[in-house]
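# Understanding the architecture of this molecule
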Amino acid sequence: MGVPKLPTIDLSVEKLKTSYLGTCKEVREALEDYGCFVVNYEDVSHQLHESLLSESKKLFDLPTDVKMRNISDKPYFGYVGNHPSIPRNHESLGISNSTILEHVQTFTNLMWPSTGNENFCETMIDYATRVSKLEKLVKRMVFESYGVGEKCYDSHVESSTFLLRLIKYKSPDELNKLEIGCHAHTDKSFLTILHQDEVNGLEIQTKDGQHWIGFQPSPSSFLVMAGDAFLKPFHGYVGQYPAVPLYESMGIDDANIRQNVEAWTTVLWPNNGNPTFCETIHAYSEQLSELDGIIRRMILESLGVEKYLEEHMNSTNYLLRAWANGRLHSANHRVMMTGNEARYSTGLFSIPKAGYIIKAPEELVDEDHPLLFKPFDHVKFLDFYYTQAGQTAPSALHSYCGL
Ligand SMILES: O=C(O)CCC(=O)C(=O)O
Ligand SMILES: [Fe+2]
């Protein structure tokens with residue numbers, strides 16, 4: 001089988017009029033299977049596309065010390081470039097709150113303090129506003145398709161802000177050389193919408209990790225991509241978290257031991273239990289833990305250290321974690337540059353607003369379902385998440401604000 005193709009979805013007004021729910025399903029399935037899809041978005045005209053690219057080029061032509069005035073206390077929000085950890089050919093600038101005129105104006109004044117640049121400012125705000133509408137449309141369609149509709153959508157939109165990143169990749173210094181422009185990563189946003197000039201380079205990894213699919217750009221094509229914040233920001237998280245309504249999971253400690261599963265089942269079904277659930281989970285965990293034991297024995301024997309097996313097995317707990325809903329996929333992607341032309345691209349990232357306090361809706365908290373986390377600022381939590389303590393905690397969210 002050859003390399004699969006990225007799904008392309010028609011989100012035109014006519015299509016949505018005739019087949020809204022069918023298209024919601026297409027969007028959801030594309031984000032589940034590929035983590036992204038291509039859309040030909042008519043609301044950004046050819047003229048706006050051209051203006052975006054020419055203003056972007058003018059921005060990158062400014063002296064480096066001017067571009068470096070774009071500072072931010074958050075990683076990847078300000079000027080990025082000229083740093084050993086960044087690929088040599090990569091340079092980018094972020095405009096925070098890019099759908100709000102005064103923020104774009106402030107950025108413009110920072111870059112062109114004496115002359116101003118009306119055209120830059122107008123182009124960026126127009127572009128960001130139009131693309132943010134696409135972001136909201138996709139978000140609404142995903143929520144509706146999962147049946148978590150209005151309430152989640154409204155709170156999500158209320159909690160989102162749009163970072164516009166303008167990016168330039170210089171061509172490799174030698175012809176026929178392949179050079180990394182952006183290392184493989186997943187985005188930390190809710191959703192990202194990428195758009196670019198005609199120079200190839202963006203590649204998306206398939207979910208099974210087998211292929212890298214090259215994105216074939218055109219002036220009207222946009223790549224919509226699910227970011228980590230939309231689906232799985234927290235390892236070990238349990239649920240009831242309005243910013244990630246599509247994610248829910250539950251853990252059962254030592255699920256291979258019958259009494260533990262029985263105790264767990266009684267908590268969830270206190271009146272008459274749920275023998276089928278208990279039996280299934282226990283049998284499943286027992287078989288998997290046996291398989292785990294066989295594999296470990298084989299590894300230790302092959303290393304000639306099987307005498308440690310018992311100690312190893314005795315020191316092991318089995319945590320069974322079941323996920324529901326967290327079915328969207330955030331795709332690994334990268335940029336690989338060849339040829340002799342620079343590449344210009346833009347990403348509109350929807351991200352949680354700083355200062356937006358996330359708390360469980362009152363209707364979800366009662367005596368049987370006590371509050372699990374203190375209300376918290378998602379951006380401050382992400383700051384913690386990227387520290388050593390956040391990265392090593394079994395559940396960063398519990399360490400940060402668990403009750
Ligand atoms: O330049 C591109 O097309 C991709 C950029 C990207 O993935 C990012 O900035 O997160
Ligand atoms: Fe990215």
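Residues numbered from 1 in each chain as written. Chains lettered and ligands numbered in written order. Predicted model: local features only at pLDDT ≥ 70, side-chain atom pairs only at ≥ 80, totals over all residues. Heavy atoms only, no water.

### Notes on the pairing of strand 2 (residues 36-40)
- Burial runs high along strand 2: 4 of the 5 residues are buried.
- Alignment of strand 1 (residues 8-9) against strand 2, held across 2 bridges, turns out to be parallel. Counterpart to Thr8 in the pairing with strand 2 is Val38.
- For strand 2 and strand 10 (residues 221-226), the ladder comprises 5 bridges, and the chain directions are antiparallel. Paired with Phe37 across the strands is Val224, a residue of strand 10. (Buried < 20%, exposed > 50% of the residue type's maximum accessible area, 1.4 Å probe, protein only. Helix = DSSP H or I, 4+ residues; strand = E, 2+ residues; numbered from the N terminus. Pairing = 2+ DSSP bridges.)

### Examining the pairing of strand 13 (residues 333-337)
- Across the 5 residues of strand 13, 4 count as buried, placing the element largely inside the fold.
- Strand direction decides the pairing type here: strand 6 (residues 179-185) and strand 13, joined by 4 bridges, are antiparallel. Of the residues in strand 13, the one forming a bridge with His185 is His333.
- With 3 bridges connecting them, strand 8 (residues 202-205) and strand 13 associate as antiparallel partners. Counterpart to Glu203 in the pairing with strand 13 is Arg334.

### Re helix 2 (residues 20-33)
- Across its 14 residues, helix 2 extends 20 Å between first and last C-alpha, which sits within 8% of the 20 Å expected from 1.5 Å per residue.
- Where the residues of helix 2 are buried, they touch strand 1, helix 1 (13-18), strand 2, helix 6 (118-146) and strand 10.
- One or two steps after helix 2, the chain reaches Gly35, where phi turns positive at roughly 75 degrees. (Expected span 1.5 Å × (residues − 1). Contact = heavy atoms within 4.5 Å.)

### Here's the deal with the sheet that holds strand 8
- In space, the 4 strands of this open sheet follow the order 6-13-8-9, with antiparallel pairing throughout. Looking at which strands have only one partner, the edges of the open sheet turn out to be strand 6 and strand 9 (212-214). Going from strand to strand, the sheet's axes swing by 25 degrees on average, the running direction of each strand aside. (Axes fitted to C-alpha atoms, helices over the stretch in contact; angles between N-to-C directions.)

### Notes on the packing of aromatic side chains
- With the rule as written, the count across this model stands at 4 aromatic pairs.
- When the centroid spacing of 5.0 Å and the interplanar angle of 55 degrees are considered together, the rings of Trp112 and Phe120 count as tilted. Pair check on accessibility: Trp112 and Phe120 agree, each one buried.
- Taken together through their ring pairs, the aromatic side chains of Phe107, Trp112 and Phe120 make up a single cluster.
- In this structure, Arg140 packs its charged tip against the face of Tyr153, placed 4.1 Å from the ring centre. (Phe/Tyr/Trp six-rings, centres within 6.5 Å; stacked < 30°, edge-to-face > 60°. Lys NZ or Arg CZ within 6 Å of the ring centre and 35° of its normal.)

### A word on the sheet that holds strand 5 (residues 160-169)
- Read across the sheet, 8 strands follow the order 1-2-10-7-14-5-4-3 without closing on themselves; strand pairing throughout is mixed. Edge positions in the sheet fall to strand 1 and strand 3 (79-80), since each of these pairs with one other strand and no more.
- Across the sheet, helix 2 is in contact with strand 1, strand 2 and strand 10; its angle to strand 2 comes to roughly 135 degrees.

### Looking at the side chain of Thr23
- Relative to the elements of secondary structure, Thr23 occurs in helix 2.
- Setting aside anything within four residues of it in sequence, one finds Thr23 in contact with Ile9, Asp10, Leu11, Lys15, Leu16 and Met141.

### Here's the deal with the nonpolar core
- Ranked by internal contacts, the top residues of the largest apolar core, which has 54 residues, are Leu11, Val27, Phe37, Leu59, Leu134, Val138 and Phe222.
- No other element matches helix 6, which puts 13 residues into this core.
- In this structure Leu134 touches Leu11, Val39, Tyr41, Ile193, Phe222 and Val224, once residues within four positions along its chain are discounted.
- Within the second largest apolar cluster, 16 residues are counted, among which are Val38, Ile167, Phe215 and Ala331. (Core = buried A, V, L, I, M, F, W, Y, C linked by side-chain atoms within 4.5 Å.)

### A word on helix 5 (residues 101-111)
- By the burial criterion, the buried members of helix 5 are Val104, Phe107, Thr108 and Met111. The arc that holds the buried residues of helix 5, viewed along the axis, is 100 degrees, so those residues lie on one side. Facing away from the buried side of helix 5 by more than 90 degrees, the exposed set consists of Glu102 and Thr106. (Arc of directions from axis to C-beta.)

### Focus on the state of the cysteines
- In total, this model carries 0 disulfides according to the counting rule given.
- As a non-bridged cysteine, Cys182 has Cys36 as the owner of its nearest cysteine sulfur, 14 Å distant. (Disulfide = S-S within 2.5 Å.)

### Quick notes on the site of ligand 1
- Neighbouring ligand 1 are the residues Ile167, Tyr169, His185, Asp187, Leu202, His333, Val335, Arg343, Ser345 and Phe349.
- Within the side chain of His333, one N or O atom sits 2.9 Å away from an oxygen atom of ligand 1.
- At 2.8 Å from an oxygen atom of ligand 1 is found a side-chain nitrogen or oxygen belonging to Arg343.
- Contact with the protein chains removes 92% of the 290 Å² of surface that ligand 1 exposes when unbound.
- At the level of secondary structure, the elements contributing two or more residues to the shell around ligand 1 comprise strand 5, strand 13 and strand 14 (343-352).
- Examining the composition of the shell around ligand 1, we find that 3 residues originate from one element, strand 14, more than from any other.
- The residue inventory of the shell around ligand 1, partitioned by class, reads 5 nonpolar, 3 polar and 2 charged. (Near = heavy atom within 4 Å. Polar contact = N/O pair within 3.5 Å; in protein donor to acceptor, adjacent residues only side chain to side chain. Areas by Shrake-Rupley, 256 points an atom, 1.4 Å probe, with all protein chains shown as cover. Nonpolar A, V, L, I, M, F, W, Y, C, P; charged D, E, K, R; others polar.)

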